[in-house]
Amino acid sequence: MNDQMRVRLDKMNELRQEGIDPFGHAFKRTYLAKQLHAEFNDLDKEAIEDLGKKAIIAGRMVAKRGKGKVGFADIMDRTGRIQIYVRKDVVGEENYHIFKRSDIGDHLGVEGDIIKTDMGELTIRATHITFLSKALRPLPDKFHGLQNKEQKYRQRYLDLISNPESFDRFQKRTKIISAIRSYLNNEMDCTEVETPVLHNQAGGASARPFITHHNALNIDLYLRIALELPLKRLIVGGMERVYEIGRVFRNEGMDQDHNPEFTELESYIAYFDFKDVMDETEGIFKAAANAVTDDGKVTYEGEEIDFSKPFARKHMVDAIKEVTGVDFWKEMTIDEARKIADDHDVQYEPYWKVGHIINAFFEKFVEDTIKQPTFIYGHPVEISPLAKKNAEDPRFTDRFELYISGTEYGNAFTELNDPIDQRERFEAQAAEKDAGNDEAQGIDEDFIEALSYGMPPTGGLGIGIDRLVMLLTDAESIRDVILFPTMRPEDNSQPEE
RNA sequence: GAGCCGUUAGCUCAGCCGGUAGAGCAUCUGACUUUUAAUCAGAGGGUCGGGAGUUCGAACCUCCCACGGCUCACCA
């Protein structure tokens, strides 16, 4: 309790004594701030006066400039700010007193005339103030906003109140996801589905899961690490085109690009190959970019990214050849590949095969050079255990990743639909798990059974939504695009084990 | 996980070589009928993240703890 809170508590009690509920009631508005600006900003002072229009607004008072028997304040609603002008001789002594005693942070309803001041600012000249809600704590600095990153994440509401760029970013996040949904529903004729978050075993990716317990069944359950396996079951079930935008959970480290829970989009479309999925992916990214820009161009970390042009499409081997001159199309032995790696200072592990070395070349020399949206396809089979081999060249798979600004934003392939092959790959994973790799998956018998009823050839796609939002809103941390990022509790006193 | 840095008033930040804690905004009192980071005059506000140590004396030095940030490796 500090002096400011004491003062505000006193003012709250003062309101009660005056018969005013400090935590107010419903209030009908006729205008939002943005509507006022859109409708009247272009008119001059006299034109607005001639119109003689009235407005009723409501919001949080975020700035106040008193001037004796008259005062100005800025009222903020979800669409922006609008100035109010309160005159004692207009609203009357009692009503002016309420305004005079109200603090920055309080919610007010204001009825008045729409005017422009001598300085040319659109303003509501109050005829009556309605007190709506008391703020018992002071807001962050009106000019600097809330800068403390920890506090921004822990008390997001304060960040949203005082940092408009953060508020806008979360509005954009919603628009982006909404545009993606609309594209998949309307352009791709997909069905959006919801699949379980609680899994009997964590599959569909390599990651450590969170484990929880169900009391009634007395079994451990896993929070999902991917959407993949349930969605493929729906492809078996004949839904043909499905997608889910959902939260997945990975019990791993956290940093600027990783939050323990994050939002993934996965889509599966029957009878698509990976080239069709490229078209789909390009459509998704263009729809997302168009949701938050006029021209499909965004600036990310100082670089302009253009989503409006067709995305480049390159085979991984061609991309490496362009940058380094090394041609991995040639058939080669592992010894020959190692020699090339040595010549180019590329490190490798003893168990690596040619495909691993090709991938290492890509990561070392090519990845960072890709700025504009580019599909890299044809990943080596050794690094793509879930993708189908290419029919013409079985060294490579029908897989692609979308790279933008040196970072991967989507991963897709023609899905494995051979239940016998799938069982073998699961068994290999299970062996790894027994050997101590707690990121390896177990055997999902139920999934194999589903596949054995016949899954059509299918193109699958996964996109990390949070990172896409980061890219489109120029955010430097994943925590800037997740409203309530995972934080260690401030009071770290955990119950004894 | 490793390294580096940070934590001072409600917020944003200063604080030198260890010598009894500072500014701006915000708050309070007063003045002010078109201000807009309003202005002017005055005032109040601090467990300097927590704990221990060194010292005559610690925001400052040492150690431990907590939380956070950044960089680096792995994962989306």
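S.K.: Tell me about the overall build of chain A, and please be specific about residues and values.
M.R.: Scanning chain A from N- to C-terminus turns up 16 helices and 18 strands. Taken over C-alpha atoms, the radius of gyration comes to 29 Å for chain A, far larger than the 23 Å a tight globule of 497 residues would show. By its C-alpha atoms, chain A is 90 × 55 × 45 Å across when sized along the principal axes. For chain A, the proportion of its 497 residues judged to be buried stands at 48%. Residue pairs in contact within chain A that sit at least 24 positions apart in sequence constitute 64% of those at least 6 positions apart. Computed over 65 positive and 92 negative side-chain charges, the separation of the two mean positions in chain A equals 8 Å.

S.K.: Give me the packing of helix α9 (residues 228-236) against helix α15 (residues 445-452): which residues, what numbers.
M.R.: Viewed as axis vectors pointing N to C, α9 and α15 meet at an angle of 25°, and their least axial separation amounts to 9 Å. Comparing their axes, α15 and α9 come out roughly parallel. Considering how the two elements wind past one another, α9 and α15 form a crossing that is left-handed. Where α9 abuts α15, its residues Leu229, Lys232, Arg233 and Val236 lie against Asp446, Phe447 and Ala450. Classifying every residue of the contact of α9 with α15 by side-chain character gives four nonpolar, no polar and three charged.

S.K.: Give me the lowdown on α9, citing residues and values where you can.
M.R.: When α9 is considered as a whole, its buried residues turn out to be Glu228, Leu229, Pro230, Leu231, Lys232 and Ile235. Along its buried surface, α9 packs onto β7 (198-199), β10 (241-249), β11 (261-270), α14 (419-434), α15 and β18 (458-464). Where α9 ends, the next residue or the one after it, Gly238, has phi of about 95°, a positive value.

S.K.: Let's hear about the pattern of salt bridges: which residues, and what values?
M.R.: On inspection of all chains with the given rule, the structure shows 38 salt bridges. The residue Lys371 makes a salt bridge to Glu303 at a minimum N-O spacing of 3.8 Å. One end of the pair, Lys371, is in the loop between α13 (354-366) and β15 (374-377); the other, Glu303, is in strand β13 (residues 303-306), with 68 residues separating them in the sequence. Its relative accessible area of 28% is what places Glu303 among the partly exposed residues. Taking the shortest distance from any N to any O, the salt bridge between Asp335 and Arg338 comes out at 4.0 Å. Residue Asp335 and its partner Arg338 are both found in helix α12 (residues 334-343); the two are separated by three residues, about one turn of the helix.

S.K.: Run through the sheet that holds strand β4 (residues 107-116), naming residues and quoting values.
M.R.: Ordered by their spatial adjacency, five strands build a closed barrel running β1-β2-β3-β5-β4, and the pairing between neighbours is mixed. Adjacent strand axes in the sheet meet at a mean angle of 55°, parallel and antiparallel pairs treated alike. Along the sheet, helix α2 (residues 33-40) makes contact with β1 (54-66), β2 (70-77), β3 (80-87), β4 and β5 (122-133), crossing β3 at roughly 85°.

S.K.: Would you mind going over the nonpolar core in detail, with residue names and values included?
M.R.: If you look at the biggest cluster of nonpolar residues, it comprises 45 residues, and the most contacted ones within it are Ile180, Leu184, Leu265, Ile284, Phe285, Phe307 and Leu472. Among the elements that line this core, the one with the most residues is helix α10 (residues 274-292), at nine residues. Excluding its chain neighbours within four sequence positions, the residues that come into contact with Leu472 are Ile176, Ala288, Ala289, Val292, Val298 and Phe307.

S.K.: Please set out unusual backbone geometry residue by residue, giving values where relevant.
M.R.: With a phi angle near 50°, Asn218 is a residue other than glycine that sits in the positive phi range. Along the chain, Asn218 falls in the loop between β8 (211-214) and β9 (219-223). Asn218 gets classed as exposed once you look at its relative accessible area, which sits at 55%. With a phi angle near 65°, Asp345 is a residue other than glycine that sits in the positive phi range. Tracing the sequence through the fold places Asp345 in the loop between α12 and α13. Residue classification places Asp345 among the exposed positions, given a relative accessible area of 53%.

S.K.: Before we move on, could you go through a negative patch on the surface and cite the residues and values that matter?
M.R.: Residues Asp44, Glu46, Glu49 and Asp50 make up a contiguous surface patch of negative charge. Within the secondary structure, Glu49 is located in helix α3 (residues 45-51).

S.K.: Help me get a handle on the protein's contact with RNA strand B, residues and values and all.
M.R.: Of all residues adjacent to RNA strand B, which total 53 residues, the nearest are Asp3, Lys142, Gln256, His258 and Arg467. For RNA strand B, the backbone makes up 55% of the atoms found within 4 Å of the protein, where backbone means sugar plus phosphate. In this structure, a base nitrogen belonging to RNA strand B sits 3.2 Å away from a side-chain N or O atom of Asp89. Contacts to RNA strand B include Asp141, whose backbone N or O atom sits 2.8 Å from a sugar or linking oxygen. Breaking the surface near RNA strand B down by element, the ones donating at least two residues are α1 (3-17), β1, β2, β3 and α6 (149-154).

S.K.: So, the side chain of Arg399: which residues are in play, and what are the values?
M.R.: Inspection of the secondary structure puts Arg399 in strand β16 (residues 399-404). Classification of Arg399 as buried rests on a relative accessible area of 8%. Separated by 3.1 Å, the side chain of Arg399 and the backbone oxygen of Ile383 make a polar contact. Among the polar contacts listed, one links the side chain of Arg399 to the side chain of Ser384, at a separation of 2.7 Å.

S.K.: Quick rundown of the environment of Asn185? Include the residues and the values.
M.R.: Topologically, Asn185 is positioned in helix α8 (residues 164-187). Sequence separation of Asn185 and Arg241 is 56 residues, and the distance between their C-alpha atoms is 9.7 Å. Not counting residues within four places of it along the chain, the set of residues in contact with Asn185 comprises Cys190, Glu192 and Tyr243. Reaching out from Asn185, the side chain makes a polar contact with the side chain of Tyr243 at a distance of 2.8 Å.

S.K.: Explain the side chain of Glu264 to me, and be specific about the residues and the numbers.
M.R.: Checked against the element boundaries, Glu264 lands in strand β11. Those residues in contact with Glu264 that sit more than four places away from it in its chain are Ala226, Leu227, Glu244, Ile245, Gly246, Val248, Arg250, Ile463 and Ile465.

S.K.: Tell me about the packing of α8 against α10, residues and numbers included.
M.R.: At a closest axis distance of 8 Å, the pairing of α8 and α10 adopts a crossing angle of 140°. One way to sum up the angle between α8 and α10 is to call them oblique. Considering only the axes of α8 and α10, their crossing is right-handed. Seen from α8, the contacting residues are Lys172, Lys175, Ile176, Ala179, Ile180, Tyr183 and Leu184; seen from α10, they are Asp279, Glu280, Gly283, Ile284, Ala287, Ala288, Ala291 and Val292.

Conventions we followed
Residues numbered from 1 in each chain as written. Chains lettered and ligands numbered in written order. Predicted model: local features only at pLDDT ≥ 70, side-chain atom pairs only at ≥ 80, totals over all residues. Heavy atoms only, no water. Helix = DSSP H or I, 4+ residues; strand = E, 2+ residues; numbered from the N terminus. Rg over C-alpha atoms; globule rule 2.2 N^0.38 Å. Buried < 20%, exposed > 50% of the residue type's maximum accessible area, 1.4 Å probe, protein only. Contact = heavy atoms within 4.5 Å. Lys, Arg positive; Asp, Glu negative; His and termini not counted. Charge placed at Lys NZ, Arg CZ, Asp CG, Glu CD. Axes fitted to C-alpha atoms, helices over the stretch in contact; angles between N-to-C directions. Parallel < 35°, antiparallel > 145°, perpendicular 65-115°, else oblique. Left-handed = near helix turned anticlockwise from the far one by under 90°. Nonpolar A, V, L, I, M, F, W, Y, C, P; charged D, E, K, R; others polar. Salt bridge = Lys/Arg side-chain N within 4 Å of Asp/Glu carboxyl O. Pairing = 2+ DSSP bridges. Core = buried A, V, L, I, M, F, W, Y, C linked by side-chain atoms within 4.5 Å. Patch = residues over 30% accessible without salt bridge, like charges linked within 9 Å, V, L, I, M, F, W, Y side chains within 5 Å. Areas by Shrake-Rupley, 256 points an atom, 1.4 Å probe, with all protein chains shown as cover. Near = heavy atom within 4 Å. Polar contact = N/O pair within 3.5 Å; in protein donor to acceptor, adjacent residues only side chain to side chain.

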